[in-house]
Amino acid sequence: MKWVRNKLDQVRKPFEPGEKYEKFAPAINAFDTFLFTPNHTTQKGAHIRDVVDLKRTMITVVLALIPALIFGMWNSGAQYLYQERGLASVFDVPFMDAFIEGAILVLPLIIVSYVVGLTIEFIFAIYRGHEVNEGYLVTGLLIPMIFPVDIPLWMLALSVAFAVLIGKEAFGGTGMNILNPALTARAFAFFAYPLYMSGNAIWVHEGSTDAVSGETILGALASGTYDGSVDGAAASSVAFSGPAPSEASVLANIDFYDMFMGFIPGSVAETSALMVIIGAIILIATKVGSWRIIVGGVLGGLAMGAIFNLFGTMGSNFIEGLVASGQITMEQVYNDAGAVAALGLSGWDATLIELGTNQLFNFPFWQHMVVGSILFGVVFMATDPVSAAQTTKGKWIYGILIGFFGILIRIFNPAYPEGIMLAILLLNVFAPTIDHYVVQGNVNKRKKRLNAAKAQLQTA
Amino acid sequence: MSKDIRVRRGLDLKLEGDADKTIVDAPRSAVYAIKPSDFHAVVPKLILKEGAKVKAGEPVFYSKYDEPVKFVSPVSGTISEIVRGAKRRILEVRIQADATSEYVDHGTIDLATADAATIKTTLLESGCWPFIIQRPYDIVANSEDTPKSIFISAYTTAPLAGDVDFITADKKEAFQAGVDALSKLTSGKVHVGVGTDSALGTINNAVVHKVKGPHPAGNVGIQIHKIDPINFGEKVWVVGAEDVATIGNLFLTGKFLAQRTVALVGSEVSPANRKYYRTIIGANVDTLVKDVNTTETRIISGDVLTGDKLDNGQFLNYYSNTLTLIPEGNEYALLGWLPFTRNNIPSISGTSLSWLKGGKSKVDTNLNGEERALVVTGEMEEVLPMDIYPMQLIKACMAGDIEKMENLGIYEVAPEDFALVDYINTSKLEAQEVIRLGLDLMITEVG
């Protein structure tokens, strides 16, 4: 260890103040401080300091991401191989085959993300003369985890560059950004390259070919073609008890267990609710992620889902009423749009028909939590302390609203079935406003106290 | 009517090296010094020159912007040296002490009949006035003010700090006299914060508050905030507990006896020497600790969170009851950022397992990281038991936004209240310095 230290001191000699490469000191410091916590002592203020620093905090988040990442690698490989080899389910793929295939698919994404992002971070650190902040360690890992596995590497590189330059450095670097950088990258790609970022074909490697289908559950729900299992009373609702399609989709065998464990197609590493929950436990136990935001987000999502379920059930009951009264047959509801139009329904009644047959509205609210990446987003993205609300009360409001809007966008706008990305970005923008009003409450309390003191002075 | 204070948020750092509850006399120092830097924002104007003879209690300099406030020699002797720094700023006025002190006599005053003006004049003339600190701003009180109330904290929570409750235990009579005198100077009341089983619980002429909770519950600022928070335009005075007894002694004996009881603490003090020492304000640290290797050990006059770094042969601070010696931490730590490692350092972070480890810790002065942008939120609130948003206030101070600072409660805080923020924050932000600069800005802009 002593030897390593001495070697390092030798290497960094030209970078010391007054030497030739002084300007590039942040670059060498980034490597040096990664190996050794420096020997700096306190010069002012408290003479002793806690052991926690930003490196430790960020590494903890990376640790929390690892289970989801490892699972994501396996799942990416397994989802592809089981279809390509014509097997019955993902479990028939040998574990190592799936994992290696997944690693081959995912590792290039991670490498491109880190290389492009860290290069920009280093350049800015040298240019601005500050140390390299550790924030990108997390962002750089998050970005590949939330992209579809087949994203061309140059698109990923462009998205990363956009996120770091426009999302972060333009606002002044780490700690100053308004939007979550990882989601900025995804949003950029989503709107710049929609063909590669949404639709039915891209969520499994080579998903657009005939042999492999790249559909997600949310996509199927949005188009009303989901034929997998649904739990609870919703299973017998109008939306889910329709006639089976002539050819079963790859989602036909999926049940709640698969959704929870994450054996479903999706972005690289967001599918497993279990792995996300393990990550959440790490974040909450280490106090690195705010439990208020996580709990708020889940509660908000459940509440919004329940509200929509209520409307779905109303629609379902309305249709069943129509069928019972003999005005229309259930068969016609599913297959004969003309017969539905012939009923001449208008206003609320027409809406009820729509609601009753909409799969997203009728999908059980608690099952909404395990499909799509709402859980991943709430645990790993919403809790980014820089772009989140900063006050305790604000964090509750922020979390709950993310859950609310996440499900709202998912259900209302089938073009963006994964609404959580947009919900978090929206609330990122509103977080300072939320904080402003929370802090203003404290300010008003203080002003009220001052006025009371003044009034007392006048009467005295 | 007493109002008990229960503080929940905070952090008690259990460190190695606390002092035994025994008081011994420290050897008499050959040279004493008064340091104008101990009196924040005071601009000193010298009265005496180098070589002048002084009695104990004779003014040496006064405050340029508040002339009645005088600063006196703690002992009798000769002014041996006036140490100046950059721009001829006075750093120390050193006094070569006589073998025994000869005091200026102000005559005893019967506190039962004395009026406020007499008491004030005596305090100003005797040199006891600098013991009175004004909040907001944490500066020496202005001699023309009448405060809303006066607060005394006799409850110690700072890590390893000398327990003022123990120090004042045998000075109860003087303490009572001090409280009697101070109670005439305020339009409101004198509030005394004490521990749950303190001997000072029976003090008259004051409202006694029983305080309980982790550090910073003992900080007088926290107690003011809980009892009677400071509003814009209001002034509150605070006096250290031992200083109240010194003020009391002034009226009982007519002399300014500049006694200071100092706890010698810290892991670098040999256990046999960890005691309370009776000494005099401004004594040389050499009388308590000898020839410390300052590259390996740090001498701190005050506690580890708020004290001042001293060198060998320098002098004790005017106000503090503690002298701490801890190891310097100028060493590298291999992969020191790994979570759940280095658990010997107490921490509120979940990335450390220090809560599993009981007992006392030995800490050094390593920064344990590097300064970074403010990223983590919610941690400062955990150690600041006030109805104040610390991070927002710090950011307002950094930006110099006076209106925002006022709105967020700058008048209610002092740097020492943010000492634990210094300690715990992930970004290694110098919160005490930021708050001090913010307060200084308020002094120049608002006054």
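Residues numbered from 1 in each chain as written. Chains lettered and ligands numbered in written order. Predicted model: local features only at pLDDT ≥ 70, side-chain atom pairs only at ≥ 80, totals over all residues.

Chemist: Please explain the overall build of chain B as it appears in this structure.
Modeler: When helices and strands are counted, chain B shows nine helices and 21 strands. Taken over C-alpha atoms, the radius of gyration comes to 21 Å for chain B, in line with the 22 Å a tight globule of 447 residues would show. Taking the principal axes of the C-alpha coordinates as reference, chain B spans close to 65 × 50 × 45 Å. Per-residue burial over chain B gives 55% buried out of 447 residues. Sequence-distant contacts in chain B: of pairs separated by 6 or more residues, those separated by 24 or more amount to 69%. (Helix = DSSP H or I, 4+ residues; strand = E, 2+ residues; numbered from the N terminus. Rg over C-alpha atoms; globule rule 2.2 N^0.38 Å. Buried ≥ 20, exposed ≤ 12 C-beta atoms within 10 Å, placed from the backbone. Contact = placed C-beta atoms within 7 Å.)

Chemist: Looking at this model, I keep getting lost on the interface of chain A and chain B. Mind explaining?
Modeler: Accessible area lost when the parts come together is the quantity often used to give the size of an interface. Opposite the 51 residues of chain A that make contact, chain B presents 60 residues. For the side of chain A that touches chain B, the elements supplying multiple residues, two or more each, are α2 (25-35), β1 (36-37), α3 (54-84) and α20 (420-459) of chain A. Residue composition of the side of chain A that touches chain B, grouped by class: 19 nonpolar, 21 polar and 11 charged. Sheet analysis places β1(A) next to strand β21 (residues 333-334) of chain B, joined by two bridges and oriented antiparallel. Within the sheet, the bridge partner assigned to Phe36(A) lies in β21(B) and is Leu334(B). (Nonpolar A, V, L, I, M, F, W, Y, C, P; charged D, E, K, R; others polar. Pairing = 2+ DSSP bridges.)

Chemist: Can you help me understand the pairing of strand β10 (residues 132-135) of chain B in this one?
Modeler: For a regular strand, side chains alternate in direction, first toward one face of the sheet and then toward the other. Residue and element names in this part refer to chain B. Here four bridges tie β10 to strand β15 (residues 236-240), and the two strands are oriented antiparallel to one another. Directly across from Arg135, in β15, lies its bridge partner Val236. As paired strands, β10 and strand β11 (residues 139-140) are joined by two bridges and run antiparallel to one another. If you follow Ile133 over to β11, its bridge partner there is Val140. The turn linking β10 back onto β11 is made up of three residues, and Tyr137 within it adopts a positive phi angle of 90°.

Chemist: Sorry if this is basic, but what is going on with the sheet that holds strand β8 (residues 77-84) of chain B here?
Modeler: Taken in spatial order, the four strands of this open sheet run β3-β9-β8-β5 (chain B), and their pairing is antiparallel. Every other strand in the sheet has two partners, leaving β3 (31-34) and β5 (53-54) of chain B as the edge strands with one partner each.

Chemist: How should I be thinking about the pairing of strand β13 (residues 190-194) of chain B in this particular structure?
Modeler: Residues and elements named next belong to chain B. Within β13, five of the five residues are buried, which leaves it mostly tucked inside the rest of the structure. Every second residue of β13 is oriented toward a common face, with Val190, Val192 and Val194 on one face and His191 and Gly193 on the other, all of them buried. The sheet contact formed by strand β12 (residues 149-154) and β13 spans five bridges and is parallel. Paired with Phe151 across the strands is His191, a residue of β13.

Chemist: Can you help me understand the domain arrangement of chain B in this one?
Modeler: Residues and elements named next belong to chain B. The domain boundaries assigned to chain B delineate domain 1 (5-11 + 28-253) and domain 2 (367-445). Each of domain 1 and domain 2 has a C-alpha centre, and the two are 26 Å apart. Contacts between domain 1 and domain 2 engage 19 residues on the former and 18 residues on the latter. Broken down by class, the residue content of the side of domain 1 that touches domain 2 amounts to 10 nonpolar, five polar and four charged. (Domains from an automatic or database assignment.)

Chemist: Looking at this structure, how should I read the sheet that holds strand β4 (residues 44-46) of chain B?
Modeler: Strand pairs in the sheet, formed through backbone hydrogen bonds, run parallel or antiparallel to each other. Residues and elements named next belong to chain B. Strand order in the open sheet formed by three strands is β4-β6-β7, and the pairing between neighbours is antiparallel. The open sheet has two edge strands with one neighbour each: β4 and β7 (66-72). Looking at each pair of strands side by side, their axes are set apart by 35° on average, direction ignored. Here three bridges tie β4 to strand β6 (residues 59-63), and the two strands are oriented antiparallel to one another. By the bridge assignment, Pro44 is partnered in β6 with Ser63. (Axes fitted to C-alpha atoms, helices over the stretch in contact; angles between N-to-C directions.)

Chemist: Is there a simple way to explain the environment of Val239(B) in this structure?
Modeler: Here Val239(B) shows up in strand β15. C-alpha separation for the pair Val239(B) and Val60(B), spaced 179 residues apart in sequence, amounts to 22 Å.

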